[in-house]
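Here is what each chain is made of, one letter per residue.
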Amino acid sequence: MRWVRRVLGGLAVLLVLVVVVVAAATTVAVRRGHPTVTGELPLPGLAAPVTVERDADGVPTIVATSTEDLFRAQGYVHAQDRYWEMDFRRHVTAGRLSELFGAGQLGTDRFIRTLGWRRVAAAELELLAPDTRAMLEAYAAGVNAWTAGRTGAALSLEHALLPLTGATGYRPEPWTAVDSLAWLKAMAWDLRSNLEQELERARLSAVDLGPGRRWEDLFPAFDAERHPPILPWGGGVVDGTFAPAAGTPVGPVATGVSGTATVPPVVPTAATAPAFGDDGVRAALDAAAAVLAASPDLLGDGSEGIGSNSWAVAGSRTATGGALLANDPHLAPALPSIWYQVRLRCAPVTDACPYDVAGFSFSGVPGIIIGHNARVAWGFTNLGPDVADLVVERLDGDAVVRPDGPVALDVRTETIRVAGGEDVAHEVRVGPDGPLISDVGAEYAELGDGPLTAGAPAGDGYAVALRWVALDPAPTADAIPRLMRADDFDAFRAAAARLQVPSQNLLYADVDGHIGYQAPGLIPVRAGHDGTIPTAGWEGGAAWTRYLDFAELPYVLDPAGGVISTANQLVLPPGTTPFIHVDVSYGQRGRRIAQLLEGRTGLTLDDLAAIQVDEHNTNAEVLLPYLLAVAPEDAGARAVQALLADWDLQDAVDSAGSAAFNATWRALLARTFHDELPAWAWPSGGGRWWEVARGLVDVPDSAWWSDATAGTTRDRDDVLALALADAHAELSDRLGADPAAWRWGEVHTLTPTHAAFGASGIAPVEWLFNRRPGVLETGGGTDVVNSTSWSAVDGYAVTWVPSMRMLVDLTDLDAGRWIHLTGQSGRPFHPHYGDQAERWRTGGYAPMPFTPEATAAAAVDVLTLTPAG
C-alpha cells in the first residue's frame, strides 16, 4: 500500500505539473499577441512620429501630421487589436475559408467564388479616386508593418490553433487594398434587401393552402397612414430631379449615375413570371433557397430582423439650441464586436491633412464609417432598396434561353485549396443576368453558430441566376474619406453620391443647427415588374433598364417639423416617385420613435438615450384587447391573462408580463400557421407578421384560424385561448410554476459567440473564446426600438442587436456618448475583449471625448509610433 500511495502521490504531482505547464503555456500563448500600448515602437514608412492615446476602454485617438501617416497608423492599430478578425474576414470574402478550416467550409467558399466578391473588389480598385487609393495603400502598409516577423501566437491565439484544423505551416499573406474593398461586398450581401421574400412568394405560390387562404395574405401592404414613412411629407421627381416637399430648399445637386425620368413600377403578371409549379422550376428555386439560407452572414442573414434606428433633431426642439443626432444600427451579434471605435486627428488640420473625426470603423477598412468630424455628424440605417433579383433560367446545354435565342454561359474554373486535403476544382457559370447560384452544390456551412445545411440540386433543365448591383464594380469606397471631410450639407451629399453599394439612409446634423437626409445608392429601374418575385429568363429576365440618377434620389434639409427619423420603413409615401422598394420594415419602430419625439421641445442627449432603449411592444397594443376578451376554460390560460392585464407593454428584462405575452405570441403563430405552411415558411414573428395578425384579428372566422391538418373548425377566440394555455405550459416548464416569478430576460438571452472557434464543438476551445462576456439577459425584442430580435421558429434567443449606440450633441462635441456590443479587443483574455457588454446590455454608454484637450485628459495609455531608423 505504501508503494501504491507513492505511485499515486507521484502521479498527482506529475498531473499538477502538467496542469501548471499547460496553464503557463496557454497564458504565454494568449498574451503573446496582446498589443504594446505605451512607450515607443518603430513603424516603417512614417514621415514623422504618430501618437496613439488609448482611454480606459482601449479606444485609440491617433494623431499624425500627414494623411498617409494617419492611415498607416490606423492599419497598425487595427492589426494590434483585431488581426485575426481581419485575416478571417478576408478569407471569407475571397472564398478561401477551406484553406484555414478544411473541407467543411467548401460550401461557403463555393458560394463566395460563384458570386466573385474578390474579383469585383479588384475591379473596383481601378475605379477609385487617387486619394482613396492612397488611403487604402497607407492602411495596408500599416497592417503589414505590424505582422512583419510574427507567426503563430504572436499573431493571435487563433493563428496558434490553426494546426489543429489541418492548416499547418500557415503564413498570412501581406494585406492589400483589395482585402479592404472586399469587406464592402460582405456588407452589401448582408444588407441585400428582399431575396428571401422573393423566393418565399414564388415557392408559396406553388403550395395549395386550401380554400379561403391566399399566400398574398402573408405579405400585407405598408400602411403609411398608421406608420409614417421617413419623409412623410413626400416630394417627387420633376424633370429628372427629386424635389423635396414642405418648402425644403433645393441646393446644388451632386451628380451620380446618369439617367432619365423615373419609370414607375409595374406589378408582375403571369406573362413575366415563371410557372412556379413546374417541377424543374420548383427544384431550382429550392436549391437557391438552400444556398441563401446557408450563405455567410457576418453582419446578418438578410432576414426580416435586420434594421437600424436613427434620428436627428433640429435646434428648435433641443435644450441647447443646437442639433442632436442618434444612431444604433441593428446587425447580427458578433464576438468581437463588428465595430471598432477610433478617433483620427491631423495635427494641425490642413488642406493636405484634413481629418479630425471620431466614430465607428470596421477592422480591415481605413477611415470611419459612422461618426462625426468638427462640423458634421452622420448616421446610417439600411435603406433596403430592391437591388437584387432572382432569374429562373431555362438551360440549353451551355447556354440559357432568351427571347431572341440561346445566350452562351460564361464558364470559368477556380481552384480551392483545402487544409489537410486535396485541392478542389470549382466551376462557375455566369449568364446574362449573373451567376447561377443554384449550381453551388449540396454542402453549405453557416459561419458562427449554425449546422451544416443540406441543399438540393437544381431542377433538370433549370437554374437560378442572381442579378445584384454589388456585382457591378463601383467606387463606393470613395465615400469614406469624403464623408469624413464633409463640412456642410452640399459636401455631405457629394460624398453620398459615391456610396453606391450598400444603399443606406444617411442622416445628417451640423454645428450650424441644420439637419438633413439623403438616400444614396445604385437602384435599378425595371421594365415590366417590381422585383417582388423571380422572373423568367426566357421571358426577358431581370429587365433592368438603368440605375436611378443620384439627382432623382430623395433628400431633405431642415424640414419644418425639426425632426427626421429613419427606422428602415418606406422612404416616401406609396405612389411617390422614385420607386425604391416594397419589402421594408413595416414601420412599427418608426411609429414608436415618432410618438416619443412628437411635440417635445427642450430635448437633451438623456432624452435620446432613453428612446434608444425604449422597450414598448406595439404588437401588444393590437393583440392585448383580444387576448383579454376571451374566456378560456384552462386555468393556466387565465393565469397568463392576469399577468397581461397588469403589464405595462414594456419588454423589460425583469418583466413577467413580457415573458407571458411573447410566449403567447409565439404560440399564436404556431397554432395559426404551422398547420397550413411548409416549415420553411413558418412565421419569424417580426413586424411583417404583426401586420398579418393585425388584419386577421378583425376577421374572427378567417380560414387561417382553422386547423388545416386536423380538419377542425376553429375561430379566432379558440386559437387565442389555446395560445394562452400553450404559453402557460411552456413558461411553467422553463421558468417555474409561479407566473409572477417569470422574467423575460431569463429566456431572451444573448450569447456572443466567436465566429471561427466559438462553435467548434470542442468545449475547451469554445471556453477560450466565448468565456466573456458569456450569457447576457436582455430586454427588448423584435421591432421594438431596443431591437434585440428573436425568431418565433427557433425560440427567444437574441438573433439581432443594436450593434452600437451613438449620441452626438453638435453644440458640445465632447459631450457625445457611444457604446458597442463587446469591446475593442479581438484577443481573448484581453481586458477589453468584453468589457463594454454589460454597459451595452443595461443601456449605458462610454463618454466620447473629441477635442485634443478632452482626449488627452481621458488617455490612460500613450504610445508613440516613430519612423523606423
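Only a predicted model underlies this, so the values are computations on that prediction, with no experimental measurement involved.

### Brief notes about the sheet that holds strand β15 (residues 410–416)
Turning to step 1, where the next piece is worked out: With antiparallel pairing, the 3 strands of this open sheet are ordered in space as β15-β16-β17. This sheet does not close on itself; its edge strands, each paired only once, are β15 and β17 (434–435).
Turning to step 2, where the next piece is worked out: Relative to strand β16 (residues 424–431), β15 runs antiparallel, the two being bridged by 7 bridges. Note that in β16 the partner of Asp 410 across the bridge is Val 430.
Turning to step 3, where the next piece is worked out: Lying on the sheet, helix α4 (residues 106–115) is in contact with β15, β16 and β17; it crosses β15 at an angle near 140°.

### Let's talk about the packing of aromatic side chains
Turning to step 1, where the next piece is worked out: In this structure the tally under the stated criterion is 29 aromatic pairs.
Turning to step 2, where the next piece is worked out: Following the ring pairs from residue to residue traces out a cluster consisting of Trp 84, Phe 88, Phe 101, Phe 757 and Phe 769.
Turning to step 3, where the next piece is worked out: For the cation-ring pair, Arg 688 lies above Phe 219, with the distance from its terminal atom to the ring centre recorded as 4.0 Å.

### Details of the side chain of Asn 568
Turning to step 1, where the next piece is worked out: The residue Asn 568 is located in the loop between β27 (563–566) and α13 (588–597) in this model.
Turning to step 2, where the next piece is worked out: The class for Asn 568 is buried, based on a relative accessible area of 5%.
Turning to step 3, where the next piece is worked out: Only 2.9 Å separates the side chain of Asn 568 from the backbone oxygen of Asn 382, close enough to count as a polar contact.
Turning to step 4, where the next piece is worked out: A distance of 2.8 Å separates a polar atom in the side chain of Asn 568 from a polar atom in the side chain of Arg 589.

### A closer look at the pairing of strand β21 (residues 504–510)
Turning to step 1, where the next piece is worked out: Across the 7 residues that make up β21, a large majority, 7, are buried.
Turning to step 2, where the next piece is worked out: Going residue by residue along β21, you find Gln 504, Leu 506, Tyr 508 and Asp 510 tucked away on one face and Asn 505, Leu 507 and Ala 509 tucked away on the opposite face as well.
Turning to step 3, where the next piece is worked out: As paired strands, strand β11 (residues 376–382) and β21 are joined by 7 bridges and run antiparallel to one another. Residue Phe 380 lies in a different strand from β21, and its bridge partner there is Leu 506.

### Side note on the confidence of the model for the protein
Turning to step 1, where the next piece is worked out: Residues with a pLDDT of 70 or more make up 90% of the protein, whose mean pLDDT is 91.
Turning to step 2, where the next piece is worked out: Note that pLDDT drops below 50 for residues 15–24; the model gives that stretch 0 contacts with residues more than four away or on any other chain.
Turning to step 3, where the next piece is worked out: Low pLDDT, under 50, characterises residues 247–272; the predicted model gives this stretch 60 contacts beyond four residues in sequence or across chains.

### Here's the deal with the pattern of salt bridges
Turning to step 1, where the next piece is worked out: This structure, assessed with the given rule, holds 52 salt bridges.
Turning to step 2, where the next piece is worked out: Across the salt bridge formed by Arg 467 and Asp 433, the nearest N and O atoms sit 4.0 Å from each other. Residue Arg 467 is found in strand β20 (residues 462–468), and its partner Asp 433 is found in the loop between β16 and β17; the two are separated by 34 residues along the sequence. As far as the burial class goes, Arg 467 and Asp 433 line up, both buried.
Turning to step 3, where the next piece is worked out: A salt bridge links Arg 734 to Glu 730; the nearest nitrogen and oxygen atoms lie 3.7 Å apart. Of this pair, Arg 734 and Glu 730 both sit in helix α19 (residues 716–735), 4 residues apart, which is roughly one turn of the helix.
Turning to step 4, where the next piece is worked out: Residue classification places Arg 734 among the partly exposed positions, given a relative accessible area of 42%.
Turning to step 5, where the next piece is worked out: Three or more residues are tied together by salt bridges with common partners; here these are Glu 393, Arg 402, Asp 433, Arg 467 and Asp 472.

### Things to note about α4
Turning to step 1, where the next piece is worked out: Extensive coverage of α4 is indicated by the burial of 10 of its 10 residues.
Turning to step 2, where the next piece is worked out: Turning to α4, its buried residues are Leu 106, Gly 107, Thr 108, Asp 109, Arg 110, Phe 111, Ile 112, Arg 113, Thr 114 and Leu 115.
Turning to step 3, where the next piece is worked out: Just downstream of α4, Gly 116 is the residue with a positive phi angle, here 75°.

### Notes on the environment of Ala 543
Turning to step 1, where the next piece is worked out: In this structure, Ala 543 sits in the loop between β24 (535–536) and β25 (544–547).
Turning to step 2, where the next piece is worked out: Its relative accessible area of 25% is what places Ala 543 among the partly exposed residues.
Turning to step 3, where the next piece is worked out: Here the alpha-carbon distance between Ala 543 and Ala 527, two residues 16 residues apart in the chain, equals 5.5 Å.
Turning to step 4, where the next piece is worked out: When sequence neighbours within four positions are dropped, the list of residues in contact with Ala 543 reads Val 525, Arg 526 and Ala 527.

About the criteria used
Residues numbered from 1 in each chain as written. Predicted model: local features only at pLDDT ≥ 70, side-chain atom pairs only at ≥ 80, totals over all residues. Heavy atoms only, no water. Pairing = 2+ DSSP bridges. Helix = DSSP H or I, 4+ residues; strand = E, 2+ residues; numbered from the N terminus. Contact = heavy atoms within 4.5 Å. Axes fitted to C-alpha atoms, helices over the stretch in contact; angles between N-to-C directions. Phe/Tyr/Trp six-rings, centres within 6.5 Å; stacked < 30°, edge-to-face > 60°. Lys NZ or Arg CZ within 6 Å of the ring centre and 35° of its normal. Buried < 20%, exposed > 50% of the residue type's maximum accessible area, 1.4 Å probe, protein only. Polar contact = N/O pair within 3.5 Å; in protein donor to acceptor, adjacent residues only side chain to side chain. pLDDT = per-residue confidence, 0-100. Salt bridge = Lys/Arg side-chain N within 4 Å of Asp/Glu carboxyl O.

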